[in-house]
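# Commentary on secondary and tertiary structure
Here are the chains, one letter per residue:
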Amino acid sequence: MKKLLEISLGIVTSVGGFLEVGSMATAAQAGATFGFRLVWAILLGTICIIFLVEMAGRFAAVSGHTITDGIRERFGFNAFLWPLLAILLVNFMVMSAEIGGVSIAAELATGIGFQWWALPVAFLAWLFLWKGTFGFIEKGVAILGLVTLCFVVAAVMLKPDWKQVAAGAVPGLPEHDPASYWFMAVSILGASISPYLFMFYSSGAVEDHWDKTYLGTNRAIAGLGMSFGGTISLGVLIVAALVLGAHGINQVNDYHQLPLMLIPIFGFWGFVLFVASLAIACFGAALEIGLQQAYLVAQGFGWTWGEDLKPRSDPAFCGVYTLSLLVAAIPIALGLDPLKLTIFSMAVTAASLPLTVVPFLFLLNDERYVGEHRNGMISNAAVIFIVALGFVLAVVSIPLQILGGS
Amino acid sequence: MVLDAWAAGAAPSDYASATLQSSAETLAEAGRQMQADNSPPSSESRGVMAAIGQLSAAARRAQAGVEAGNPRQVSQARQELATAATDLAAFYARSVAPKS
């Protein structure tokens, strides 16, 4: 019964924490511009993150190590430095985008420009991390994040042609604007497979003292939680295709367009639901990334770490999330467009994936760490294929998008 | 779309106003960009630029109507937006049509 409760809570947490500014913005742009044609990118991203999250939990439960710990120990500090720098940079961009997401929600709710909200949002996030416990951060905000299920409800209420949606699950060439199409596909993959998601999950498993008895729980949470989470992204894409596309909005290049997705379905409550979804989802993600930056540096340098410890017991750990939040708020406070930053940072995330995922795969195939619980052929092949696809598409499409100027 | 939502009471005035302002600025920027790219402009591109200018101006008037809470002004601006959008589509179709 206790295990069932843990699984249920884990799934709820995964669902509530899945949607963030990246998955929301990329799915909305993809739906408005290309209808259901990029459903396949969400499916591939979701499959990959299911595998990665399951591996992250299994690694932590069997070895007692976090991923960062494992990579540093297995490859040495010099080799670990490159993935560390890549993840820190990608996380910085994504955290900035998340702070931007909360700031946009605050602007939509109050009419005061988003720039003015960046530093207060960062301060509020810092206060949550300073005062909160791991359980509060992980479960509290994620449970509130269940409000994002409104996109799934909206998608069902719109009664889409499910055959057309299913047809989008098969990758195909676009009828127009191929550079933008592939760039969107890359951004969706980057949003779905953000390294902070699975690295945070492994640190969480260690914080929660998982052992081998949690392997079943881990599998259920990874499989069901991430699948339901992917369904929310799919809901956003369907709603954007049917609402924005149908009203002639084929380009989402201004965040003011986003609340229009839910207004025709729920009226004024659609506006409220959108603002709440954006604020809660992005705030939750900003907290998780802030913690992840601190985990990364503290574990990488062998410092004392733990969100449940008092700040005076792990001052360097707290210093890292304090500094990370402050620095990430600066670009938004200076007026950088959060939507453009989001889309770009998601594509960069996809390009950086080999640096983080490949060393992780080595660990998951190393008997010294996971013994008989090594990866199987299917999980290795699936993750390598999707990450390689994301990398190749990113390398090709990011320059094209930059040169195209859109 | 945002004007429909505002008229139905489904979108707050601050949000509708900011959205219209942003649209007007984007349109004005697109017009300036087009002017810079088409020097000297052909008659078709002149028509497209004029229609973009009308759209931008109509969006500004709609914004002013929303801020003033004046549904009649907003309704009039919506008509102007619709007319300018039709003109833009016609000029654009003419400018991309193959020359005989």
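Once that is clear, we can look at the overall build of chain B. The secondary structure content of chain B amounts to 4 helices and 0 strands. Counting helices and strands in the order they occur from the N terminus, chain B gives α-α-α-α. Principal-axis analysis of the C-alpha atoms places the extent of chain B at approximately 50 × 25 × 15 Å. When each of the 100 residues of chain B is scored for burial, the buried share is 31%. Here the analysis covers contacts within chain B between residues at least 6 apart in sequence; of these, 60% occur between residues at least 24 apart.

Each helix and strand in chain A was counted, giving 18 helices and 0 strands. Rg of the C-alpha trace for chain A: 20 Å, near the compact-globule value of 22 Å for 406 residues, within the 12% margin. Each principal axis of the C-alpha distribution contributes one length, and for chain A these read about 55 × 50 × 45 Å. Of all 406 residues assigned to chain A, the portion counted as buried reaches 56%. Long-range contacts, defined as pairs at least 24 residues apart, comprise 86% of the intrachain contacts of chain A with a sequence gap of at least 6.

Contacts between the two partners involve 13 residues from chain A and, on the opposite side, 13 residues from chain B. With 3 residues, helix α14 (residues 268-301) of chain A is the largest single contributor of residues to the side of chain A that touches chain B.

Here the focus is the packing of helix α3 (residues 39-63) of chain A against helix α12 (residues 215-244) of chain A. All names here are of chain A. At a minimum axis distance of 9 Å, the contact between α3 and α12 shows a crossing angle of 155°. The orientation of α3 with respect to α12, classified from their angle, is roughly antiparallel. In this structure, the crossing between α3 and α12 has a hand that is right-handed. Taken together, the residues of α12 that come into contact with α3 (itself represented by Val39, Ile42, Thr46, Ile49, Ile50, Val53, Glu54, Gly57, Arg58 and Ala61) are Leu215, Asn218, Arg219, Ala222, Gly223, Met226, Ser227, Gly230, Ser233, Leu234 and Leu237. For the contact of α3 with α12, the residue count by class is 11 nonpolar, 7 polar and 3 charged.

Time to look at the environment of Glu138 of chain A. Here Glu138 of chain A shows up in helix α7 (residues 134-144). The spacing of Glu138 of chain A and Gly390 of chain A is 252 residues in sequence and 28 Å in space, taken between C-alpha atoms.

Residues and elements named next belong to chain A. In this model α14 runs 50 Å from its N-terminal to its C-terminal C-alpha over 34 residues, within 8% of the 50 Å that 1.5 Å per residue would give. Among the 34 residues in α14, 28 count as buried, and that is most of the element. Phi turns positive, to about 75°, at Gly302, one or two residues after α14.

Attention shifts here to the nonpolar core. All names here are of chain A. With 172 residues, the main nonpolar core has Leu237 and Ala240 as its most contacted residues. Considering every element that reaches this core, the biggest residue donor is α14, with 20 residues. Residues within four places of Leu237 in sequence aside, it is in contact with Ala27, Ala30, Gly31, Leu38, Val39 and Ile42.

Residue and element names in this part refer to chain B. For chain B, per-residue confidence averages 84 on the pLDDT scale, and 91% of positions sit at 70 or higher. Of all helices and strands in chain B, the one with the weakest mean pLDDT is helix α4 (residues 71-96) (84), whereas helix α1 (residues 2-7) scores best (90). Across the whole predicted complex the pTM is 0.89, and at the interface the ipTM reaches 0.82.

Residue and element names in this part refer to chain A. It is the contact of α14 with helix α15 (residues 315-333), at a shortest axis distance of 8 Å, that shows an interaxial angle of 135°. Considering the angle they form, α14 stands oblique to α15. Between α14 and α15 the crossing geometry is right-handed. Contacts from Gly290, Leu291, Gln293, Ala294, Val297 and Ala298 of α14 reach α15 at Ala316, Phe317, Val320, Tyr321, Ser324 and Leu325. Each residue belonging to the contact of α14 with α15 can be placed in one class, and the counts come to 9 nonpolar, 3 polar and no charged.

All names here are of chain B. Relative to the assigned elements, Asp87 resides in helix α4. Once the C-alpha coordinates of Asp87 and Arg72 are considered, the two residues, 15 residues apart in sequence, prove to be 23 Å apart. If we ignore the near neighbours within four places in the chain, the residues touching Asp87 are Ala51 and Gln54.

This part takes up helix α3 (residues 43-68) of chain B. Residue and element names in this part refer to chain B. Its 26 residues place the ends of α3 37 Å apart at the C-alpha level, agreeing with the 38 Å of an ideal helix rising 1.5 Å per residue. Turning to α3, its buried residues number three or more, namely Val48, Ala51, Ile52, Leu55, Ser56, Ala58, Ala59, Ala62, Gln63, Gly65 and Val66. Where α3 ends, the next residue or the one after it, Gly69, has phi of about 65°, a positive value.

Backbone geometry follows two general trends: most residues other than glycine have a negative phi, and most peptide bonds adopt the trans configuration. All names here are of chain A. Even without being a glycine, Lys159 presents a positive backbone phi close to 50°. Tracing the backbone shows Lys159 in the loop between α8 (150-157) and α9 (162-167). If you check the backbone angles, His209 has positive phi at about 60° while not being a glycine. Considering the arrangement of structural elements, one finds His209 in the loop between α11 (195-207) and α12. Judged by the 10 C-beta atoms lying within 10 Å of it, His209 is exposed.

So, how was this worked out
- Residues numbered from 1 in each chain as written.
- Chains lettered and ligands numbered in written order.
- Predicted model: local features only at pLDDT ≥ 70, side-chain atom pairs only at ≥ 80, totals over all residues.
- Helix = DSSP H or I, 4+ residues; strand = E, 2+ residues; numbered from the N terminus.
- Buried ≥ 20, exposed ≤ 12 C-beta atoms within 10 Å, placed from the backbone.
- Contact = placed C-beta atoms within 7 Å.
- Rg over C-alpha atoms; globule rule 2.2 N^0.38 Å.
- Axes fitted to C-alpha atoms, helices over the stretch in contact; angles between N-to-C directions.
- Parallel < 35°, antiparallel > 145°, perpendicular 65-115°, else oblique.
- Left-handed = near helix turned anticlockwise from the far one by under 90°.
- Nonpolar A, V, L, I, M, F, W, Y, C, P; charged D, E, K, R; others polar.
- Expected span 1.5 Å × (residues − 1).
- Core = buried A, V, L, I, M, F, W, Y, C linked by C-beta atoms within 7 Å.
- pLDDT = per-residue confidence, 0-100.

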